[in-house]
Protein chains: 2
Amino acid sequence: MTGHNFSSKREAIFKTIASTKSHPSAKWVYEQLKDEIPNLSLGTVYRNIALFKEQGRVIAVANVDGEERIDADVTDHAHFVCECCNGVYDLVSSEQSPLEKELSQNGFEITRKNVVFYGICQKCSTN
Amino acid sequence: MTGHNFSSKREAIFKTIASTKSHPSAKWVYEQLKDEIPNLSLGTVYRNIALFKEQGRVIAVANVDGEERIDADVTDHAHFVCECCNGVYDLVSSEQSPLEKELSQNGFEITRKNVVFYGICQKCSTN
DNA sequence: ACAGAAAACAGGAATGATTACTGTTTTTAA
DNA sequence: TTAAAAACAGTAATCATTCCTGTTTTCTGT
């Protein structure tokens, strides 16, 4: 359904996303790869990120400064966004919410949750 | 610092935001008001929403279908976004997180948190 | 109440992330 | 090997949001 299951560019894009903890934007992924793959197109990065999201291989974490930031770690965890340096950090675990139980008891089907704290990171507040 | 503290349009925009539970977008607010205020400009709605956010009178809840959705209820509570009808619902309370304590102990200053559940709402799943 | 000065505004142009389109290249499967 | 399917490059289009400029409203001191 999704198409063929191999494309060298697709693999490179996923690898780039999966091998960083920076929670990159599409543009960042493109910048990382364009030396290695000179004829890479930004549209291809966007198209593949959309595909990875459909496949559940990648999640959208937050929109920071107008850009969507993504994560290849799809396990349940929260994030911290620094409003000073625009850094996005993993938080080790997301709280288990009583709201989740309540929602499903009332006919709401949860497909994903997103817990984001905004503030000033340690680095920015000490500099 | 923020300027004068009265403008009839500003008041109308805030009232419109505060008197709905729909978690509106800028465009929705504009659509609601343009009959009542024929020469209202969409830019004015955006400018005032930005101001309300700075003032803490309004929070950004989520980006749904490319549009930022806002809320004049700035008390701590979570939201549910239906990916079918794009509705945004209030959840009565946000969980108190042990992560928050841990973050502040490590030099991270939290200015706001955002807890959003995504899924299919009751109405959409029964229709 | 009146007159600048400051802020807010309308209207439209600009920006910038993301998506869509079209012709070409890569991958697949037989 | 080869034709069909999918992916791609490159570029144009879309659309939410922001910016700019000249005008209007609000404020403040008299």
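Details of the structure are given in the entry above.
Let me sum up the structure you'll find in this document.

Conventions we followed
Residues numbered from 1 in each chain as written. Chains lettered and ligands numbered in written order. Predicted model: local features only at pLDDT ≥ 70, side-chain atom pairs only at ≥ 80, totals over all residues. Heavy atoms only, no water. Salt bridge = Lys/Arg side-chain N within 4 Å of Asp/Glu carboxyl O. Buried < 20%, exposed > 50% of the residue type's maximum accessible area, 1.4 Å probe, protein only. Helix = DSSP H or I, 4+ residues; strand = E, 2+ residues; numbered from the N terminus. Least-squares fit on C-alpha atoms with pLDDT ≥ 70 in both. Contact = heavy atoms within 4.5 Å. Axes fitted to C-alpha atoms, helices over the stretch in contact; angles between N-to-C directions. Parallel < 35°, antiparallel > 145°, perpendicular 65-115°, else oblique. Nonpolar A, V, L, I, M, F, W, Y, C, P; charged D, E, K, R; others polar. Buried area = accessible area lost by both parts, 1.4 Å probe. Polar contact = N/O pair within 3.5 Å; in protein donor to acceptor, adjacent residues only side chain to side chain. Phe/Tyr/Trp six-rings, centres within 6.5 Å; stacked < 30°, edge-to-face > 60°. Lys NZ or Arg CZ within 6 Å of the ring centre and 35° of its normal.

## Overview of the pattern of salt bridges
All names here are of chain B.
1) Next: For the coordinates displayed, the defined rule picks out ten salt bridges over all chains.
2) Next: Between Lys-34 and Glu-31 there is a salt bridge whose closest N-O contact spans 3.1 Å.
3) Next: Under the relative-accessibility criterion, Lys-34 is labelled partly exposed at 34%.
4) Next: A relative accessible area of 39% means that Glu-31 is categorised as partly exposed.
5) Next: When the shortest N-O distance is used, the salt bridge between Lys-113 and Glu-100 registers 2.9 Å. Of the two residues, Lys-113 is situated in strand 5 (residues 109-120) and Glu-100 in helix 4 (residues 98-105); the sequence distance between them amounts to 13 residues.

## A closer look at the relation of the copies chain A and chain B
1) Next: For the pair chain A and chain B, the relating rotation is 180°, the translation along its axis is 0.0 Å, and the fit reaches an RMSD of 0.0 Å. Read as a symmetry element, the transformation amounts to a two-fold axis. Taking C-alpha positions as the reference, the residue of chain A nearest the rotation axis is Val-115 of chain A, at 2.2 Å.
2) Next: A share of 100% of the interface residues of chain A reappears at the interface of chain B, consistent with the copies meeting face to face through the same patch.

## Examining the packing of helix 1 (residues 8-18) of chain B against helix 3 (residues 42-55) of chain B
Residues and elements named next belong to chain B.
1) Next: With their axes 10 Å apart at the nearest point, helix 1 and helix 3 run at an angle of 70° to one another. When the axes of helix 1 and helix 3 are compared, the pair comes out roughly perpendicular. On helix 3, the residues touching Arg-10, Ile-13, Phe-14 and Ile-17 of helix 1 are Thr-44, Val-45, Asn-48, Ile-49, Leu-51 and Phe-52.
2) Next: Of the residues belonging to the contact of helix 1 with helix 3, the class tally is seven nonpolar, two polar and one charged.

## Some words on the interface of chain A and chain B
1) Next: Taken together, the contacts link 32 residues of chain A with 32 residues of chain B.
2) Next: Taken together, the two surfaces of chain A and chain B that pack against each other cover about 2700 Å², and 61% of this comes from carbon and sulfur.
3) Next: Of all residues in chain A, Leu-99, Phe-117 and Tyr-118 of chain A bury the most surface against chain B, accounting for 22% of the area lost on that side.
4) Next: Applying the counting rule to chain A against chain B returns two salt bridges.
5) Next: Arg-112 of chain B is paired through a salt bridge with Glu-83 of chain A; the nearest N and O atoms lie 2.7 Å apart.
6) Next: Applying the counting criterion to the chain A and chain B interface returns 14 residue pairs in polar contact (both at pLDDT 80 or more).
7) Next: Secondary-structure elements contributing two or more residues to the side of chain A that touches chain B are strand 3 (78-82), strand 4 (88-91), helix 4 (98-105), strand 5 (109-120) and helix 5 (122-126) of chain A.
8) Next: Element by element, the count of residues in the side of chain A that touches chain B is highest for strand 5 of chain A, at twelve residues.
9) Next: When the residues that make up the side of chain A that touches chain B are grouped by side-chain class, the tally is 15 nonpolar, ten polar and seven charged.

## Some words on the packing of aromatic side chains
1) Next: Applying the stated criterion across every chain yields a total of eight aromatic pairs over all chains.
2) Next: A centroid spacing of 6.4 Å and a plane angle of 55° characterise the contact between Phe-80 of chain B and Tyr-89 of chain B, whose relative ring orientation is tilted.
3) Next: Since its relative accessible area comes to 0%, Phe-80 of chain B is described here as buried.
4) Next: Lying over the aromatic face of Tyr-118 of chain B, Arg-112 of chain A brings its terminal NZ or CZ to 3.9 Å of the ring centre.
5) Next: The cationic tip of Arg-57 of chain B hangs over the ring face of Phe-14 of chain B; the distance from NZ or CZ to the ring centre is 3.9 Å.

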